[in-house]
Amino acid sequence: MLSSVKEKFLIFFNAQRHIAPLAVLRMAFGSIMLVSVVRFLLKGWVNAFYIKPKLHFTFYGFDWVRPLGALGMYALFALLIVTALMVTIGLLYKIAITSFFLCFTYVELIDKTTYLNHYYFISIMAFLMILVPANRYFSVDVWRKPNLKATMVPGWCIGVFQVQLIIVYFFAGISKLNHDWLIAAMPLRIWLPANSQLLLIGGLLTHLWVAYVFSWFGAIFDLLIGFLLLAPRTRKAAYFFVVVFHLFTAWFFKIGMFPYIMIFVTIIFFSENTHLRIIAFIKKIFRITGTDTSQQVYHVAVPKARLIYTLLVVHFIIQLVLPFRYLLYPGKLYWTEEGYRFSWRVMLMEKGGTAFFHVKDPATGHKTEIINSQYLTPFQEAQMSTQPDMILQFAHFLAQEYQNKGIKDPIVTAESYVTLNGSGSRLYIDSTVNLAKEEDSFGHKKWILPFHHQAQ
């Protein structure tokens, strides 16, 4: 049994496969990134998220990542557009995809207010694409230097993307196996009726049983779809469900480009014949002539191969372990959000709150209530109010502000009320704790009140 699994694993990753799926993935990823970045610019989000805010909520350990100023940020996004286009057409591919990965990840690290699973996913996909020769077929690089052409690549060059997508879907499914999602149909029983104005199906969405159907279907879909895409017999039907599922989520929830990204990149599961037909179709559209039936095998030098294998092993170990780190923390995950990010937990909770901050001068006893909007954008304030690490960061920022005004060791406290999945508003953190003295770390934040605090 074990030897059979090992044999299949070795075949999956080492057998020579046609490079066409990799070339199509390069074009699909590059083009959807091009559209995404242009959309981001047109919506004015560069200014709203990275230029306008006075404070940025950096990730722990990445305080050194700062916005580059208006000119620098727009230049960075211009570079993202150029590199996305270069990736699409396969021009100076290694430089383009590496630059895209670095620039995109840098932007995402500036402020966790804008953290989304699909931004994390894009960084991972860009990183993996650095490791593979996606420009060795049907690219400008090959047109410029025909000796670069390869038609066959080791199976891992394609398999790593399939495994990554299975991980994303499967862990998204595991995260739905909880009371709120399956038994209470939360948060869909709140979100679906909000779409009651939709033509034809709007009235249906107000029924409770529909929320249960969507909840259970969503969990089963995420748990199984990656494996169904992998199996040739079920692949076409599975991809049909991928398209339908993501188009519905895009229609109902307005979650940006994520549904379209997933529809595009899951094409990687299809056979080489499908991808060769896609390339033939593109050739026809752009009137690209010429047929070359020769076969060239892509060889990786041993030292380079060892480096890539090491990076991949480390990467996938992190991918498998990181979603479970929440088990190291006490309390309800959705309440504390300790270990929540970077775990493929997509649209699992409806959370809202309000936070009031006070700064006290220990010398005089004078207490000042903070007007959050003087320092934060409405979006930042909304996100900060329900996320403990952001509450702590804002408290530290206020402490520094008031120290600069001449108050020595100001005492910063916060009174925050949060509601989770329709549970009713309740006190979120200990309002007697001086947050200015609390250190940020990966450890448990003891000043977060238990979810059942007021229910007892």
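Quick caveat: nothing in here was measured; it's all calculated off a predicted structure.

Definitions and cut-offs
Residues numbered from 1 in each chain as written. Predicted model: local features only at pLDDT ≥ 70, side-chain atom pairs only at ≥ 80, totals over all residues. Heavy atoms only, no water. Helix = DSSP H or I, 4+ residues; strand = E, 2+ residues; numbered from the N terminus. Buried < 20%, exposed > 50% of the residue type's maximum accessible area, 1.4 Å probe, protein only. Contact = heavy atoms within 4.5 Å. Areas by Shrake-Rupley, 256 points an atom, 1.4 Å probe, with all protein chains shown as cover. Lys, Arg positive; Asp, Glu negative; His and termini not counted. Charge placed at Lys NZ, Arg CZ, Asp CG, Glu CD. Phe/Tyr/Trp six-rings, centres within 6.5 Å; stacked < 30°, edge-to-face > 60°. Pairing = 2+ DSSP bridges. Axes fitted to C-alpha atoms, helices over the stretch in contact; angles between N-to-C directions. Core = buried A, V, L, I, M, F, W, Y, C linked by side-chain atoms within 4.5 Å. Left-handed = near helix turned anticlockwise from the far one by under 90°. Nonpolar A, V, L, I, M, F, W, Y, C, P; charged D, E, K, R; others polar. UniProt positions renumbered as here; feature names shortened; annotations may be inferred.

Colleague: Residues and numbers for the overall build of the protein, please.
Modeller: For the protein, the count of helices and strands is 18 helices and six strands. With respect to the principal axes defined by its C-alpha atoms, the protein has extents near 85 × 50 × 50 Å. Counting over 456 residues, the protein shows a buried share of 50%. Across the protein, the fraction of contacts at a sequence separation of at least 24, relative to all contacts at a separation of at least 6, is 73%. Carbon and sulfur atoms form 67% of the exposed surface of the protein, whose accessible area is close to 22400 Å². The distance from the centre of the 40 positive side-chain charges to the centre of the 23 negative ones in the protein is 14 Å.

Colleague: Which residues make up the packing of aromatic side chains, and what are the values?
Modeller: Applying the stated criterion to the full structure yields 44 aromatic pairs. Judged by centre distance (5.9 Å) and plane angle (45°), the rings of F101 and F127 are tilted. Taken together, the residues span a long stretch of sequence, with F101 in helix α5 (residues 93-110) and F127 in helix α6 (residues 117-130) at a distance of 26 residues. Given the relative accessible area of 18%, F101 is considered buried.

Colleague: How would you sum up the pairing of strand β5 (residues 411-420)? Please name residues and give values.
Modeller: As judged from the ten bridges shared by strand β3 (residues 351-360) and β5, these two strands associate in the antiparallel manner. Looking at β5, one finds that G352 is bridged to T419. For β5 and strand β6 (residues 426-427), the ladder comprises two bridges, and the chain directions are antiparallel. Its bridge partner being in β6, Y417 is matched across the sheet by L427.

Colleague: Lay out the sheet that holds β3 in plain terms, naming residues and giving numbers.
Modeller: If you walk across this open sheet you meet the four strands as β4-β3-β5-β6, and the pairing is antiparallel. Strands at the two margins of the open sheet, each flanked by one partner only, are β4 (367-369) and β6. Packed on one face of the sheet, helix α18 (residues 388-404) meets β3, β4 and β5 and runs near 25° to β3.

Colleague: Please provide a residue-by-residue account of the nonpolar core, values included.
Modeller: Core analysis: the biggest nonpolar cluster contains 87 residues, and F29, F77, F100, F121 and F161 have the highest contact counts within it. In contact with F29, not counting residues within four places along its chain, are I97, F100, I122, M125, A126 and M129. Membership of the second largest hydrophobic core comes to 48 residues, among which are L205, W335, I370 and I448.

Colleague: So what about the environment of K149? Which residues, and what values?
Modeller: Inspection of the secondary structure assignment puts K149 in the loop between α7 (140-144) and β2 (152-154). When its relative accessible area of 14% is taken as the criterion, K149 is described as buried. For K149 and W45, which are 104 residues apart along the polypeptide, the C-alpha to C-alpha distance reads 40 Å.

Colleague: Help me get a handle on the packing of helix α4 (residues 69-89) against α5, residues and values and all.
Modeller: Where α4 meets α5, the axes come as close as 9 Å, and the angle between the chain directions of the two elements is 140°. Seen from above, α4 lies across α5 with left-handed handedness. Contact residues: α4 offers M73, L76, F77, L79, L80, T83, A84, M86 and V87, while α5 offers Y93, A96, I97, S99, F100, C103, F104, Y106, V107 and I110. Partitioned by chemical class, the residues of the contact of α4 with α5 number 17 nonpolar, two polar and no charged.

Colleague: Outline the UniProt feature "domain: HTTM-like" (unreviewed entry) in the protein, supporting the account with residue identities and numerical values.
Modeller: Residues annotated in UniProt with the feature "domain: HTTM-like" (unreviewed entry) correspond here to residues 14-274. With 65% helix and 2% strand, residues 14-274 has end C-alpha atoms that lie 21 Å from one another.

Colleague: Hey, could you go over unusual backbone geometry for me, with residue numbers and the actual values?
Modeller: Cis geometry is adopted by the peptide bond preceding P187, which originates at M186 and carries an omega value of 5°. Within the secondary structure layout, P187 lies in the loop between α9 (179-183) and α10 (188-191). A positive phi angle is found at L92, which is not glycine, with a value near 45°. What makes L92 partly exposed here is its relative accessible area of 38%.

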